[in-house]
Amino acid sequence: MSGPAAGAAHAATTSDVVCLGESMVTFLPSQPGRLADVPSFSRAIGGAESNVACALAAAGHRTKWVSRVGADGFGDHLVEAISRYGVDTSAVERDPARPTGIYFRTATDRATDTHEVAYYRAGSAASAMSPANVPAEDALCGRILHLSGITAALSDDCLSLLHSLTAPRPGRPLISFDVNHRTGLWRDGDAAPAVLLDLARRSDLVFVGEDEAEEAWGLHGAEAIRAALPEPGVLVVKRGAEGATVFSRPRPGSRAAVVGGPETVTSVPALRVDVVAPVGAGDAFAAGFLSATLRDLPVRDRARHGHLMAAAVLTVPGDLTDPPARAHADRLVALDDTAWETLRLGPGWTAAERATEEVPTP
């Protein structure tokens, strides 16, 4: 997008990032173990897209969360809790006929066989989102619209909404899409791979884990994933503890695209982190990458900001935490490669005023 249309669209934006998707009240276990053995739970909030919105708002960006919740106490809690992060929740609709979704989970890593999640979200208010009840002007009023594959799995109406929002149109914001493949959410698991691939191809910036790509598409390695997804101007392949590989190329009309030259491939190692709870890191990484994208930082720095946001969440018990101060994060991002690769971050590191966490390799 360029010329007068671009100027008009930019002038009409009211948010830096709009995040659309379901949030639920999350019940976190008081101790490790099977759900059957956990005696009590504490209440929190969870939702990939609202997690990104909250992290970006805490980092100083204008964010909006678009969704539906029930006209119930859990819906009240979600809207109030997300609003406290500074997120605009004015586009969240209340549904008197459908409940707010909730879920319970164990304390273990989502990727392990011992991890359990019990969802109570079938027929939820958010699963009724559709082009008919989510105004396009609410979803498309930002510089970036962030979506995820979780929404596509909720219902046919939700999938229709994502198809509508990712369709080419004048003044379309940058579409950010996190594949977020969750096999347990799909009513028809056989449909998931094609649906997710199609949505990713319709997007400008895509986040996908190597493990997700292998499970959903049978693809192995970053190069194979890029070959299957040539359309996005920026493709971020997350490689777990190994880091992230970013494929980027100039895309005319995309404000957040890398400018100039042929496609570049940038690999950025992950940080050494003393993990407290292995949840929420993917959403935090996306928030850090998007924050740096909004600031037009180089690709390497975008990925490093993603790793730092992820490290902030990994060193606390829940899915959300305050990110490091921008000046502090910028100092860490500016470290040379050796210092970056030997940096070690543990609980409380985001409160530090200076980058004192660097630990030499033993």
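Details of the structure are given in the entry above.
Throughout what follows, the structure given in this document is the object of discussion. Being a predicted model, the structure only gives us computed values, none of them experimental. (Residues numbered from 1 in each chain as written. Predicted model: local features only at pLDDT ≥ 70, side-chain atom pairs only at ≥ 80, totals over all residues. Heavy atoms only, no water.)

### So, helix α12 (residues 326–333)
Three- or four-residue spacings in an α-helix give side chains the same orientation, since the helix completes a turn every 3.6 residues. Condition: Partly exposed residues are those whose accessible area sits between 20% and 50% of the maximum for their type, while under 20% is buried and over 50% is exposed, using a 1.4 Å probe and protein chains only. A helix here means a DSSP run of H or I that spans at least four residues, while a strand means a run of E at least two residues long, and both kinds are numbered starting from the N terminus. Here, the arc refers to the directions that run from the helix axis to the C-beta atoms. The contact rule is simple, with two residues in contact once any of their heavy atoms fall within 4.5 Å.
Listing the buried residues of α12 in full gives H328, A329, L332 and V333. The buried residues of α12 occupy an angular sector of 135° when projected down its axis, which confines them to one face. Buried residues along α12 sit against α11 (299–314) and α13 (337–342).

### Focus on empty space enclosed by the protein
Rules: The pocket and cavity definitions rest on a 1 Å grid over protein atoms only: a 1.4 Å probe that fits but cannot leave marks a cavity, an open set with protein on both sides within 12 Å along at least five of seven lines marks a pocket, and residues lining either have an atom within 4 Å of a point. Grid points are joined across faces, edges and corners, and a volume is the space filled by probe spheres set on the points.
By the definition in use, this model includes four cavities of 30 Å³ or more. In this model, the second largest cavity occupies a volume close to 40 Å³. Residue lining of the second largest cavity: A55, A284, M309, A312, V313, L320, T321 and P323, and that is the complete set. Here the element with the most residues in the lining of the second largest cavity is α11; it accounts for three residues.

### Looking at unusual backbone geometry
Note: most residues except glycine have negative phi, and most peptide bonds are trans. Here N180, not a glycine, exhibits a phi torsion of approximately 45°, which is positive. Tracing the backbone shows N180 in the loop between β10 (174–178) and α7 (192–201). Assessed through its relative accessible area of 6%, N180 is described here as buried. The residue D296 is not glycine, and still its phi comes out positive at about 60°. By secondary structure assignment, the location of D296 is in the loop between α10 (281–294) and α11.

### Here's the deal with the packing of helix α2 (residues 48–58) against α10
Rules: Axis lines are fitted through C-alpha atoms, for helices just across the contact stretch, and the angle between N-to-C directions can take any value from 0 to 180 degrees. Any angle from 65 to 115 degrees is called roughly perpendicular, while one under 35 is roughly parallel, one over 145 is roughly antiparallel, and all others are oblique. The crossing is said to be left-handed when, going from far helix to near helix, the turn is anticlockwise and less than a right angle, and right-handed when the turn is clockwise. Under the scheme applied here, ten amino acids are nonpolar (Ala, Val, Leu, Ile, Met, Phe, Trp, Tyr, Cys and Pro), four are charged (Asp, Glu, Lys and Arg), and all others, including Gly, are polar.
Put simply, α2 and α10 touch, their axes get as near as 9 Å, and they point 45° apart. Judged by the angle between their axes, α2 and α10 are oblique. The handedness of the crossing between α2 and α10 is right-handed. Within the contact between the two elements, α2 uses A48, N51, V52, A55 and L56 and α10 uses D283, A286, A287, L290 and S291. Of the residues belonging to the contact of α2 with α10, the class tally is seven nonpolar, two polar and one charged.

### Brief notes about the pairing of strand β7 (residues 102–105)
Filter applied, for reference: Note: two strands are recorded as paired if DSSP finds a minimum of 2 bridges between them.
The sheet contact formed by strand β2 (residues 24–29) and β7 spans three bridges and is parallel. Within β7, the position partnered with T26 by the bridge is Y103.

### Quick word on helix α6 (residues 156–165)
Inspection of α6 places C158, L159, L161, L162 and L165 among the buried residues, and these make up the whole buried set. In an axial view of α6, the angular spread of the buried residues amounts to 155°, which keeps them on one side of the axis. Packing partners of the buried residues in α6 comprise β1 (15–20), α4 (136–139), β9 (142–148), α5 (149–154), β10 and α7.

### Focus on the pattern of salt bridges
Put simply, the rule reads: Any Lys or Arg side-chain nitrogen found within 4 Å of a carboxyl oxygen on Asp or Glu counts as a salt bridge.
Under the criterion given, the structure shown has 17 salt bridges. Two residues, R121 and E22, come together in a salt bridge whose shortest N-O distance is 2.8 Å. Here the residue R121 occupies a position in the loop between β8 (117–120) and α4, and E22 occupies one in the loop between β1 and β2, the gap between them amounting to 99 residues. Residue R121 shares its accessibility class with E22, and that shared class is buried. Its salt-bridge partner being D156, residue R187 comes within 3.1 Å of it at the nearest N-O pair. Taken together, the residues span a long stretch of sequence, with R187 in the loop between β10 and α7 and D156 in helix α6 at a distance of 31 residues. Of the two residues, R187 and D156, both sit in the exposed class. Among the charged side chains, a salt-bridge network with shared partners connects R68, D95 and R98.

### Points about the nonpolar core
Note the threshold: We define the nonpolar core as a collection of buried residues of types Ala, Val, Leu, Ile, Met, Phe, Trp, Tyr and Cys that are connected through side-chain atoms lying within 4.5 Å of one another.
Judged by nonpolar contacts, the single largest core of 54 residues is most densely connected at L205, F207, V236, L271, F289 and L308. Here the element with the most residues in this core is α11; it accounts for seven residues. Filtering out sequence-adjacent residues up to four positions away, L271 remains in contact with H307, L308, A311, W340, L343 and L345. The next biggest cluster of nonpolar side chains, apart from the first, holds 46 residues, and it includes V18, L165, V208 and L229.

### As for the packing of aromatic side chains
Geometry of an aromatic ring pair is reported as the spacing of the ring centres plus the angle between the planes. Note the threshold: Each pair of aromatic rings taken from Phe, Tyr and Trp, with Trp reduced to its six-membered ring, is defined by centres within 6.5 Å and is described as stacked if the planes are under 30 degrees apart, edge-to-face if over 60, and tilted in the remaining cases. Charges are assigned to positions over rings by a cutoff of 6 Å between ring centre and Lys NZ or Arg CZ, combined with an angular limit of 35 degrees from the ring normal.
Applying the stated criterion across every chain yields a total of eight aromatic pairs. With a centroid separation of 4.7 Å and 15° between ring planes, the pair formed by F27 and F104 is classed as stacked. Within this pair, whereas F27 is found in strand β2, its partner F104 is found in strand β7, the two being separated by 77 residues in sequence. Judged by its relative accessible area of 14%, F27 is buried. Ring geometry for F207 and F285: centres 6.4 Å apart, planes at 85°, overall edge-to-face. With F207 in strand β11 (residues 205–209) and F285 in helix α10, the pair connects residues that are 78 residues apart, well separated along the chain. It is R121 that lies over the ring of Y119; its NZ or CZ is 4.9 Å from the centre.

### Here we look at the packing of α10 against α11
Running from N to C, α10 and α11 point in directions that differ by 145°, and their axes come no closer than 7 Å. Read as a crossing pair, α10 and α11 show a hand that is right-handed. Contact with α10, carried on its side by A281, A284, F285, A287, G288, F289, A292 and T293, involves D301, R302, A303, H305, G306, H307, M309, A310, V313 and L314 of α11 and no other residues of that element. Of the residues contributing to the contact of α10 with α11, the split by class is eleven nonpolar, five polar and two charged.

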